[in-house]
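Per-entry structural report
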Amino acid sequence: MLVLSRQRDESIIIGDNVVVTIVDVRGDKVRLGIEAPIEISVHRQEVYEAIQRENRKAAEIKTEDAQRLPKQS
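Worth saying up front: this structure is predicted, and the values here are computed from it rather than measured.

So, on to the overall build of the protein. Summing up its helical and strand segments, the protein has 2 helices and 3 strands in all. Helices and strands in the protein line up, N terminus first, as β-β-β-α-α. In terms of C-alpha radius of gyration, the protein reaches 21 Å, well past the compact-globule figure of 11 Å for 73 residues. Of the contacts formed within the protein by residues at least 6 apart in sequence, a portion of 0% connects residues at least 24 apart.

As structure tokens, this is what we get:
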């Protein structure tokens, strides 16, 4: 893991097109501003993990669901 020190209104650049800016620091909370192209998803980790769980769950095929599928002739 790369660890960088930044102050308010300072930024880091990831690749050629993602900019992360320190917007505010209050106590133990840091607010970040993230500029990224629309095709790059940006989520908090807990939201990303929930999306991944739901995607895995949706991709599962249950026996009873498979039996309801129309048979091809």
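Note on strand geometry: in a regular strand, side chains alternate between the two faces of the sheet. Across 4 bridges, the pairing between strand β1 (residues 11-14) and strand β2 (residues 18-26) is antiparallel. Directly across from isoleucine 13, in β2, lies its bridge partner valine 19. The antiparallel hairpin formed by β1 and β2 contains 3 residues in its connecting segment, where glycine 15 sits at a positive phi of about 65 degrees. Pairing geometry for β2 and strand β3 (residues 29-35), over 7 bridges, is antiparallel. By the bridge assignment, arginine 26 is partnered in β3 with lysine 29. Joining the antiparallel neighbours β2 and β3 is a turn of 2 residues, in which glycine 27 adopts a positive phi near 60 degrees.

Neighbouring strands of a sheet are bound in pairs by backbone hydrogen bonds; such pairs are parallel or else antiparallel. Ordered in space as β1-β2-β3, the 3 strands form an open sheet in which the pairing is antiparallel. Pairing within the sheet leaves two strands with one partner each, and these edge strands are β1 and β3. On average, each strand axis in the sheet is tilted by 25 degrees relative to the strand beside it, whichever way the strands run.

Attention now goes to unusual backbone geometry. A negative phi holds for most residues other than glycine; trans holds for most peptide bonds. In this model, aspartate 9 sits at a positive phi of 70 degrees, which is unusual for a non-glycine residue. Inspection of the secondary structure puts aspartate 9 in the segment before β1.

What counts as what
Residues numbered from 1 in each chain as written. Predicted model: local features only at pLDDT ≥ 70, side-chain atom pairs only at ≥ 80, totals over all residues. Heavy atoms only, no water. Helix = DSSP H or I, 4+ residues; strand = E, 2+ residues; numbered from the N terminus. Rg over C-alpha atoms; globule rule 2.2 N^0.38 Å. Contact = heavy atoms within 4.5 Å. Pairing = 2+ DSSP bridges. Axes fitted to C-alpha atoms, helices over the stretch in contact; angles between N-to-C directions.

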